[in-house]
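# Reading the structure
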Amino acid sequence: MPRISSPGLHALAAGRLGLLPTSLRFLAGVLDINSAVKGARFVRFCDCFNIPLITFEDVPGFLPGTTQEYGGIIKHGAKLLYAFCEATVPKITVITRKAYGGAYCVMSSKHIGGDVNFAYPTAEIAVMGPEGS
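One structure accompanies this document, and this report is about it. Nothing here was measured: the structure is a model prediction, and the numbers come from that model. (Residues numbered from 1 in each chain as written. Predicted model: local features only at pLDDT ≥ 70, side-chain atom pairs only at ≥ 80, totals over all residues. Heavy atoms only, no water.)

## Quick word on the pairing of strand β3 (residues 53–59)
- Counting buried positions along β3 gives six out of seven residues, so the element sits mostly inside the fold.
- The pairing of strand β2 (residues 15–21) with β3 spans four bridges and is classified as parallel. Within the sheet, the bridge partner assigned to L19 lies in β3 and is I54.
- Taken together, the six bridges between β3 and strand β4 (residues 91–100) define a ladder with parallel strand orientation. Within the sheet, the bridge partner assigned to L53 lies in β4 and is K91. (Buried < 20%, exposed > 50% of the residue type's maximum accessible area, 1.4 Å probe, protein only. Helix = DSSP H or I, 4+ residues; strand = E, 2+ residues; numbered from the N terminus. Pairing = 2+ DSSP bridges.)

Quick look at the structure:
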């Protein structure tokens, strides 16, 4: 089952809005193959119908392991990266707790063309977590 929790469309007074949160209920919110594919499809869907995106990010990185590597985590992670890069809709990112490594870059960071990035005062943005260093 994909691990990006409930991406969906929400109606506001001004129109529709696409929300893409990460799920903390499975392995603390890491990105795996299924979540990368699900997220990429949702971003492309919103881009097709000109629906702005808000990404709530709390991601420690990609899920490590040989199963993920043999399954093509780099290829599927690149799908999410390219979906955010090629999207022409407004993209807002809110970092709620942590954003580490390549997963931070993939989830609509400022480096790949996110329009606005916000972070809570206690948010951590780094190449890797303190345990890894």
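On we go.
## A look at the packing of helix α1 (residues 33–48) against helix α3 (residues 73–86)
- The interhelical angle for the contact between α1 and α3, taken along N-to-C directions, is 20°, at an axis separation of 8 Å. Judged by the angle between their axes, α1 and α3 are roughly parallel. Every pair of crossing elements has a handedness; the one defined by α1 and α3 is left-handed. Residues I33, A36, V37, G39, A40, V43, R44 and D47 of α1 form the contact with α3, whose own contacting residues are I73, H76, G77, K79, L80, Y82, A83, F84 and E86. (Axes fitted to C-alpha atoms, helices over the stretch in contact; angles between N-to-C directions. Parallel < 35°, antiparallel > 145°, perpendicular 65-115°, else oblique. Left-handed = near helix turned anticlockwise from the far one by under 90°. Contact = heavy atoms within 4.5 Å.)

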